[in-house]
Amino acid sequence: MQIYLPIAELSLNLFFLVGIGGAVGFLSGLFGIGGGFLLTPLLIFSGIPAPVAVASVSGQVAAASTSGALSYFRRGGIDFHLALYLVLSGIIGAFLGVAAFSALRAAGHLELVISLGYLVFLGFIGVAMIIESIRAILRSRRGVVRPAKLPGQHNWVHGLPLRIRFKRSKLYISVLPVLFIGASIGFLGALLGIGGGFILVPALVYILRVPGNLVIGTSLVQVIAIMAAATILHSVNSQSVDILLAFCLMVGGVIGAQFGASAGKYLRGEQLRALLALLVLGVAIRFALVLLLEPADLFSTAVLGIQGLAQ
Amino acid sequence: MRINWMKRFSIFFFSAVFLLAFNNAGFSQRLVNALSDKQISIDSSFAGETISFFGNIEPEIGEREKVIEGTFNIIMVITGPSIDRVVREKSNKFIIWLNSNSQVYEKFPSYYWVLSDASLDDITTPEVLEEYSLLPKHQPQKFSKNANKDNRFDKELVRLMKEEGYFGINENAIDFHSNSFYSGRLELPANVPVGSYLVQTYLLKDGEVISQKAQGFFIRKTGFERFLGNFAKQSPLLYGVFAVILALFTGWLGGVAFRR
């Protein structure tokens, strides 16, 4: 059944859209990620213009993160004080990200930067994750139990000026790394159409040493805020948010996430992380090929100006 | 298909939409045209549409001859709304492929199809096609605004537009049903640009254009699609806020419905 997307200005199969929303939702439930980094490339590869894909996925990620954040909220798994700093800096980052998005699109380099951005970040995160999970699997084979790093251990980042006490997380750390992390994630999220959870969670764990029970909930709050801000900014700036597209993806995503979450119970943590790492690397390699191989067609055409989103 | 055609054939006869003839002294024939749809509506189930044209070749008003004679050919040119377009070329720099050279075409047609009743080579000469800029390949020269323009881009632009289905030539799209009565059909793809279209009909005899006539039709979004498109353009802030509320509500609903 074909559905006409009024902003993308093309027809796609409704079941295809709900289907990829559901498939990515399944993975996001399985791994506890937003799934933007998978969904945006999938949409671009299936013919949706990159600006529309990036902007519409922002809405989908906000929806997918909301149900997760609610369940963490009920369990008290959110540090709202920390989240406030992340959100405020994140929104500033999102402003810059959307401005960069518009400037790059006008210059004709948006696709390049999106591809490069995905390649660099997914490649880096994917390699780090795969090394970490192989080590974890080897350790568990050998039966060695290593104590998890305790929160409260400090590193040099914590000693920077402007220290603030985050009671819920039992942290007394400089606010500068918090703001820097928040703004970076906001910038990348708005530019690349990703929630940034898969960058934010490691940053909160390894740099800020946020306790494990608060990490996911707090990062989800930041992801929702950034993606909501990005959705509004993209709407105002380039009118590239396709509500119909986003809604189809949301419906699939919200349902798929439930099945993913139940499937996740049957897999061990380190196996899950290894699988996710492979997935992340796969997407990175796909983008590397686009950049490194000689394109089949050296020429491309696009419409200039706001009306040109369909191209 | 035949039955459908017959229906449209009869629509032609009963339709009173006879537009003013192209009036030019010296032409002894004129064209009378009608269109199956003046307005094409794009709604949520739009997956392309076929539009039909009908026309009759008649003696010019005031001519003594009441019957037209000879063999005629028809060429129809359908031009879509114009828009600024850029063509970019990728080249290999620092081992990655990126856009380097580009050329801008201002007010370039977003859609350009040429329909005819026989092979264009048989109907007329390259000189006539050139004179009237009839072919897709003649379009870029009219719209390129670069001072130091590069002809390679013209060719590539036409090729890209053809691959997308926006430009093309169909030499079997027009049928003559008698000496003077003809019909044509144009298949609009699902990704057809929205806006006003011009149908320019050329009447040819012995390879020369002896009469021409212009007509328009309109493609627009309707209903919910139109509402959303306008909403996004006219009040973008509200649209964005609405998108966020929809996202939060859907997420909340999902969370409540499944209670993870």
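Our structure is the block above this text.
If you're wondering where the values come from, they're calculated on a predicted model, not measured in any experiment.

Participant: Would you mind going over the overall build of chain B with me for this structure?
Facilitator: Secondary structure assignment for chain B yields seven helices and twelve strands. By residue count, 48% of the 260 residues in chain B fall in the buried class. A fraction of 71% describes how many contacts in chain B between residues 6 or more apart in sequence connect residues 24 or more apart. Counting only carbon and sulfur atoms, one obtains 54% of the accessible surface of chain B, whose full area is about 13300 Å².

Participant: Just checking my understanding: could you explain the sheet that holds strand S4 (residues 73–79) of chain B for this structure?
Facilitator: Strand pairing in a sheet is mediated by backbone hydrogen bonds. Such pairs are either parallel or antiparallel. Residue and element names in this part refer to chain B. Read from one edge to the other, the open sheet built from six strands follows the order S2-S12-S11-S4-S7-S8, with strand pairing classed as mixed. On the outer flanks of this sheet lie strand S2 (39–42) and strand S8 (167–170), each paired with one strand and no other. Strand-to-strand twist in this sheet, taken as the mean axis angle between neighbours without regard to direction, amounts to 15°. Two elements, strand S7 (residues 112–116) and S8, share four bridges in a ladder whose sense is parallel. Each residue of the ladder has a partner; that of Leu 115, found in S8, is Asn 170.

Participant: What exactly am I supposed to notice about the interface of chain B and chain A here?
Facilitator: How big an interface is tends to be stated in terms of accessible area lost as the parts join. Counting residues at the interface gives 57 residues for chain B, matched by 57 residues for chain A. Note on chain B versus chain A: buried area summed over both sides is about 5000 Å², and carbon and sulfur give 66% of it. At the boundary of chain B and chain A, one finds zero salt bridges. Applying the counting criterion to the chain B and chain A interface returns nine residue pairs in polar contact (both at pLDDT 80 or more). Looking at the side of chain B that touches chain A, the elements that each hand over two or more residues are strand S5 (82–93), strand S6 (96–109), helix H5 (151–163), helix H6 (223–234) and helix H7 (236–258) of chain B. With 17 residues, H7 of chain B is the single largest residue contributor to the side of chain B that touches chain A. When its residues are assigned to classes, the side of chain B that touches chain A shows 32 nonpolar, ten polar and 15 charged. Of the strand pairs in this sheet, strand S5 (residues 299–303) of chain A and S5 of chain B are connected by five bridges, and their pairing is antiparallel.

Participant: Could you clarify how one ought to interpret the pattern of salt bridges in this entry?
Facilitator: Pairing between side chains becomes possible if they bear opposite charge and their charged atoms approach one another. Residues and elements named next belong to chain B. On inspection of all chains with the given rule, the structure shows four salt bridges over all chains. The partner of Arg 159 in a salt bridge is Glu 156, and the shortest N-O contact between them spans 2.7 Å. Of this pair, Arg 159 and Glu 156 both sit in helix H5, three residues apart, which is roughly one turn of that helix. Given a relative accessible area of 28%, Arg 159 falls into the partly exposed group. Classification of Glu 156 as buried rests on a relative accessible area of 16%. Asp 175 serves as the salt-bridge partner of Arg 185, at 3.3 Å between the closest nitrogen and oxygen. With Arg 185 in strand S10 (residues 181–188) and Asp 175 in strand S9 (residues 174–176), this residue pair connects regions lying ten residues apart in the sequence.

Participant: Explain the sheet that holds S5 of chain A here, please?
Facilitator: Reading across the sheet, the three strands line up as S5(A)-S5(B)-S6(B) and stay open at both edges, with antiparallel pairing between neighbours. With one partner strand each, in any of the chains shown, S5 of chain A together with S6 of chain B form the two edges of the open sheet. Across the sheet, the axes of successive neighbouring strands diverge by a mean angle of 25°, strand direction being ignored. Lying over the sheet, H5 of chain B contacts S5 of chain A together with S5 and S6 of chain B, oriented at roughly 80° with respect to S6 of chain B.

Participant: How should the environment of Leu 116 of chain A be read in this particular structure?
Facilitator: Assignment of secondary structure puts Leu 116 of chain A in helix H5 (residues 110–142). With 180 residues separating them along the chain, Leu 116 of chain A and Ala 296 of chain A place their C-alpha atoms 19 Å apart. For Leu 116 of chain A, the contacting residues outside a window of four places in its chain are Leu 291 of chain A together with Ile 96 of chain B.

Participant: Which parts of the structure should I look at to understand the pairing of strand S1 (residues 2–5) of chain A?
Facilitator: For a regular strand, side-chain orientation follows a simple rule: the groups alternate between the two sheet faces. Residue and element names in this part refer to chain A. The pairing of S1 with strand S2 (residues 10–13) spans four bridges and is classified as antiparallel. By the bridge assignment, Ile 3 is partnered in S2 with Leu 12. Connecting S1 to the antiparallel partner S2 that follows it, the hairpin turn spans four residues, and Glu 9 within it adopts a positive phi of roughly 60°.

Participant: Would you mind showing me how to read the side chain of Gln 60 of chain A here?
Facilitator: All names here are of chain A. Summarising the element assignment, Gln 60 is placed in helix H3 (residues 50–74). In terms of polar contacts, Gln 60 uses its side chain to reach the backbone amide nitrogen of Met 250, at 3.3 Å. Ignoring anything within four residues of it in the chain, the contact list for Gln 60 reads Leu 39, Ala 246, Leu 249 and Met 250.

Participant: Explanation requested: the nonpolar core in the structure shown.
Facilitator: Among soluble globular proteins, nonpolar side chains are generally buried collectively. Core analysis: the biggest nonpolar cluster contains 81 residues, and Leu 5, Phe 37 and Leu 43 of chain A have the highest contact counts within it. When neighbours within four sequence positions are excluded, Leu 5 of chain A is seen to be in contact with Leu 10, Leu 12, Leu 17, Ile 48, Asp 242, Leu 244 and Leu 245 of chain A. By size, the runner-up hydrophobic cluster in this structure holds 52 residues, among which are Ile 40, Phe 53, Met 76 and Val 87 of chain B.

Participant: Help me understand the packing of aromatic side chains, please; the structure alone is not making it clear to me.
Facilitator: In total, this model carries 14 aromatic pairs over all chains according to the counting rule given. Ring plane angle 65° and centroid distance 5.6 Å describe the contact between Tyr 111 of chain B and Tyr 197 of chain B, whose orientation is recorded as edge-to-face. On the criterion of sequence distance, the pair formed by Tyr 111 of chain B in the loop between S6 and S7 and Tyr 197 of chain B in strand S11 (residues 195–205) is long-range, its members being 86 residues apart. A centroid spacing of 5.8 Å and a plane angle of 45° characterise the contact between Tyr 112 of chain B and Phe 167 of chain B, whose relative ring orientation is tilted. Of this pair, Tyr 112 of chain B sits in strand S7 while Phe 167 of chain B sits in strand S8, placing them 55 residues apart in sequence. Linked through ring pairs, Tyr 105, Phe 108, Tyr 112 and Phe 167 of chain B together constitute an aromatic cluster. Stacked on the ring of Tyr 72 of chain A, the Lys or Arg Arg 75 of chain A has its end atom at 4.9 Å from the ring centre. Looking at Arg 152 of chain B, its charged tip hangs above the ring of Phe 153 of chain B, at a distance of 5.5 Å from the centre.

Participant: Whenever I open this one, helix H2 (residues 36–45) of chain A confuses me. Can you help?
Facilitator: Note that an α-helix has 3.6 residues per turn; residues three or four places apart therefore point the same way. All names here are of chain A. For H2, the buried fraction is high: seven of the ten residues fall into the buried class. Of the positions making up H2, those classed as buried are Gly 36, Phe 37, Leu 38, Leu 39, Thr 40, Pro 41 and Leu 43. Within two residues after H2, Gly 47 carries a phi angle of roughly 105°, on the positive side.

Participant: What is the right way to read the packing of helix H6 (residues 175–192) of chain A against helix H8 (residues 212–238) of chain A from this model?
Facilitator: How two helices sit against one another is set out by the angle between their axes and by the gap between those axes. Residues and elements named next belong to chain A. As a packed pair, H6 and H8 sit with axes 10 Å apart at the nearest point and diverge in direction by 45°. The orientation of H6 with respect to H8, classified from their angle, is oblique. H8 is crossed by H6, and the crossing has right-handed handedness. Across the interface between the two elements, Gly 182, Ile 185, Gly 186, Gly 189 and Ala 190 of H6 pack against Gln 222, Ile 226, Met 227, Ala 230 and His 234 of H8. When the residues that make up the contact of H6 with H8 are grouped by side-chain class, the tally is five nonpolar, five polar and no charged.

Conventions and cut-offs
- Residues numbered from 1 in each chain as written.
- Chains lettered and ligands numbered in written order.
- Predicted model: local features only at pLDDT ≥ 70, side-chain atom pairs only at ≥ 80, totals over all residues.
- Heavy atoms only, no water.
- Helix = DSSP H or I, 4+ residues; strand = E, 2+ residues; numbered from the N terminus.
- Buried < 20%, exposed > 50% of the residue type's maximum accessible area, 1.4 Å probe, protein only.
- Contact = heavy atoms within 4.5 Å.
- Areas by Shrake-Rupley, 256 points an atom, 1.4 Å probe, with all protein chains shown as cover.
- Pairing = 2+ DSSP bridges.
- Axes fitted to C-alpha atoms, helices over the stretch in contact; angles between N-to-C directions.
- Buried area = accessible area lost by both parts, 1.4 Å probe.
- Salt bridge = Lys/Arg side-chain N within 4 Å of Asp/Glu carboxyl O.
- Polar contact = N/O pair within 3.5 Å; in protein donor to acceptor, adjacent residues only side chain to side chain.
- Nonpolar A, V, L, I, M, F, W, Y, C, P; charged D, E, K, R; others polar.
- Core = buried A, V, L, I, M, F, W, Y, C linked by side-chain atoms within 4.5 Å.
- Phe/Tyr/Trp six-rings, centres within 6.5 Å; stacked < 30°, edge-to-face > 60°.
- Lys NZ or Arg CZ within 6 Å of the ring centre and 35° of its normal.
- Parallel < 35°, antiparallel > 145°, perpendicular 65-115°, else oblique.
- Left-handed = near helix turned anticlockwise from the far one by under 90°.

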